[in-house]
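# Structure assessment
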Amino acid sequence: MDAPLDAQRQTLSHADRQIALYASMPQCNAGNAQLTPLLLVHSINAAASAAEVKPLFDRYAGSRPVVAIELPGFGSSDRARIDYTPQLMSDCICRAAEHVQSLGFKRPADLMAVSLSCEMAAMAALKQPDSFRSLALISPTGFASKRPERYENGRTKDKPWLRWLLENGPWSNALFRWLTSEKTMRKFLERSWGSRQIDEGLFAYNLQTVAQPGARHAPYAFIGGSMFTRGATHLYAQLKQPVWMVHGTRGEFAKVDGLKHFAPVRPWAIDAMDTGAMPYFERPDEFNQRYDAFVAGLKPV
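Heads up: these notes are all about the structure in this document.

Parameters at a glance
Residues numbered from 1 in each chain as written. Predicted model: local features only at pLDDT ≥ 70, side-chain atom pairs only at ≥ 80, totals over all residues. Heavy atoms only, no water. Helix = DSSP H or I, 4+ residues; strand = E, 2+ residues; numbered from the N terminus. Expected span 1.5 Å × (residues − 1). Buried < 20%, exposed > 50% of the residue type's maximum accessible area, 1.4 Å probe, protein only. Pairing = 2+ DSSP bridges. Axes fitted to C-alpha atoms, helices over the stretch in contact; angles between N-to-C directions. Contact = heavy atoms within 4.5 Å. Patch = residues over 30% accessible without salt bridge, like charges linked within 9 Å, V, L, I, M, F, W, Y side chains within 5 Å. Areas by Shrake-Rupley, 256 points an atom, 1.4 Å probe, with all protein chains shown as cover. Salt bridge = Lys/Arg side-chain N within 4 Å of Asp/Glu carboxyl O. Parallel < 35°, antiparallel > 145°, perpendicular 65-115°, else oblique. Left-handed = near helix turned anticlockwise from the far one by under 90°. Nonpolar A, V, L, I, M, F, W, Y, C, P; charged D, E, K, R; others polar. Phe/Tyr/Trp six-rings, centres within 6.5 Å; stacked < 30°, edge-to-face > 60°. Lys NZ or Arg CZ within 6 Å of the ring centre and 35° of its normal.

For the rest of this paragraph, the subject is helix α2 (residues 86-102). Relative to the 24 Å expected for 17 residues at 1.5 Å per residue, α2 spans 24 Å between its end C-alpha atoms, a close match to the ideal helical length. Listed in full, the buried residues belonging to α2 are P86, L88, M89, S90, C92, I93, C94, A96, A97, H99 and V100. A positive backbone phi angle near 110° is found at G104, which sits one or two residues after α2.

Take a look at the structure:
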């Protein structure tokens, strides 16, 4: 595939799998070593890749160390038929943070994730709290319900029978072709945006990524529920790092009724924007100003 970002594709090994990432790294010297890295994590859907965080990567590349990871099963990372779980994804996020530190940038990273990946980002920050200074959660999943569940030590919403049918049924390949047809994917982005004015560059790249060998395995795990954590809001509530949450007010993923009952360990900064689920595509200047204001208030670690 074409590289989704203006950066050289690199690979990391984790659990015998290759993870793709893209990095903009200033030369690490005595001064630059004090810069705080930014780690970007795309969302999870049938066509997910680092292309989803391109506006963010472009905005911060050159001013600080920036890394965009492609989670297992997506983009140019391995797409084997394995168990895709929140634990696997969060471990890979931790691995990427360790990689940045191994290059000499020792400060804990600012972590930014989109949609369902916010649950994995929270899990990573709880596993390795010293690796992350802050979290920015963009349209995080888990807040739609008014009745939040309790976190149950990593238990997911997995439906093994559904995953088996998706992977093994005679319809498996044909179904994925339908799910990732141009018409279906355009409709998905329109639901995400809450508008027909989607980002055409992202749409075009999505068509590339779904055509790769093994592209159906991780999306079928997503549809089968194995990447959704039970009690996500309870998981979020345990975070001790500063958290900025931003969500759109349009589209299919704008519902945040669960915020009414949310009681985090420490207060979150929460913003709503008149956009769809990826506000940094629609209103990049406003998004960046709000995030920069949040970061400016953080204490160096």
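Our focus in this paragraph is unusual backbone geometry. Backbone geometry at S115 places phi at a positive 55°, although glycine is not the residue there. Structurally, the position occupied by S115 is in the loop between β5 (109-114) and α3 (117-127). Looking at S115, the relative accessible area reads 19%, which means it is buried.

The strand order across the open sheet formed by eight strands is β1-β2-β4-β3-β5-β6-β7-β8, and the pairing between neighbours is mixed. Edge positions in the sheet fall to β1 (9-14) and β8 (269-273), since each of these pairs with one other strand and no more. Strand-to-strand twist across the sheet, computed as the mean angle between neighbouring axes with direction ignored, equals 20°. Alignment of strand β7 (residues 243-248) against β8, held across five bridges, turns out to be parallel. Following the sheet pairing, W244 is matched in β8 by A269. Strands β3 (38-41), β5 and β6 (132-138) of the sheet are contacted by α3, whose axis makes an angle of about 165° with β6.

Bringing a nonpolar patch on the surface into the picture now. Among the surface-exposed residues, W161, W164, L165 and W171 lie close enough to one another that they form a single nonpolar patch of about 490 Å² accessible area. Along the chain, L165 falls in helix α4 (residues 160-168). Under the relative-accessibility criterion, L165 is labelled partly exposed at 32%.

Attention shifts here to the packing of α2 against α3. Axes are the key here: two packed helices are described by the angle between their axes and the distance separating the axes. Relative orientation of the contacting elements α2 and α3 amounts to 60°, with a least axis distance of 8 Å. In terms of orientation, α2 lies oblique with respect to α3. For the pair α2 and α3, the sense of crossing is right-handed. Counted together, P86, Q87, M89, S90, D91, I93 and C94 of α2 and M120, A121, M123, A124 and K127 of α3 form the full contact between these two elements. A per-class count over the contact of α2 with α3 returns eight nonpolar, two polar and two charged.

If you walk through the whole model with that rule in mind, you get 16 aromatic pairs. An angle of 25° between the planes, with centres 6.5 Å apart, marks the rings of W244 and F294 as stacked. Here the residue W244 occupies a position in strand β7, and F294 occupies one in helix α11 (residues 284-296), the gap between them amounting to 50 residues. When sorted by exposure, W244 lands in the same class as F294, which is buried. A cation over a ring is seen here: R59 above Y60, with NZ or CZ 4.6 Å from the ring centre. Lying over the aromatic face of F203, R186 brings its terminal NZ or CZ to 4.3 Å of the ring centre.

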